[in-house]
Amino acid sequence: MSTDTATDRLDVSDGFDVHDYRSKLKLLRQTGDSMTLENRAELGCPACDRPFERLLVSEGESLTVDSPPAGRLCVVRTDDRTLLVAH
Ligand SMILES: [Zn+2]
């Protein structure tokens, strides 16, 4: 019996492309080199597998979060992006 389809997880093993998740992530905000997305499909976090609420994607060398969430925060690196996962 397979449980492969139990949780849909954000897969960043080949990098992150928002277009792969167009129906599952809603764009809330976009600035020069970063964007904030809302998880609409209970996608699992690439770091801890738990569903997350918000995703911040940055292509820059550094990133600033004005009001970090009180809950769990995971950081995931791909080749050219930094992902901040807020639960
Ligand atoms: Zn996480």
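Calculation rules
- For every chain, the first residue of the written sequence is number 1, and numbering continues from 1 onward in sequence order.
- For this predicted model, a pLDDT threshold of at least 70 governs which residues receive local features, and a threshold of 80 or more governs which side-chain atom pairs are given and counted, while totals over whole chains, interfaces and linings are taken from all residues.
- Water and hydrogen atoms play no part in the side-chain values, which are based on all heavy atoms of the structure.
- What counts as a helix is a DSSP run of H or I of at least four residues, what counts as a strand is a run of E of at least two, and both are numbered from the N terminus.
- What goes into a patch is any residue over 30% in relative accessible area without a salt bridge, connected to like charges within 9 Å or, for nonpolar side chains (Val, Leu, Ile, Met, Phe, Trp, Tyr), within 5 Å.
- Note on areas: Shrake-Rupley with a 1.4 Å probe; residue coverage comes only from the protein chains shown.
- Counted as salt bridges are all cases of a side-chain nitrogen of Lys or Arg within 4 Å of a carboxyl oxygen of Asp or Glu.
- Positive charge is attributed to Lys and Arg, negative charge to Asp and Glu, and no charge count is given to His or to the chain ends.
- Each charge is placed at NZ for Lys, CZ for Arg, CG for Asp and CD for Glu.
- Burial here depends on accessible area, computed with a 1.4 Å probe over protein chains only, as a share of the maximum for the residue type. Under 20% is buried, over 50% is exposed, and the range in between is partly exposed.

An unreviewed UniProt entry annotates the chain as Flagella cluster protein of Candidatus Halobonum tyrrellensis G22.

> I keep staring at unusual backbone geometry and nothing clicks. Help me out?
Positive phi values are uncommon outside glycine, yet E42 reaches one of about 55°. Structurally, E42 is set in the loop between β2 (34–39) and β3 (54–58). Positive phi, normally seen in glycine, also occurs at D49, with a value near 75°. Looking at where D49 falls in the secondary structure, it is placed in the loop between β2 and β3.

> Even after reading the chapter, I still don't get a negative patch on the surface, so can you show me in this structure?
Together, D11, D14, D17 and D20 give the surface a local cluster of negative charge. You can see D17 is positioned in the segment before β1 (25–30). Overall, D17 belongs to the partly exposed group, its relative accessible area being 34%.

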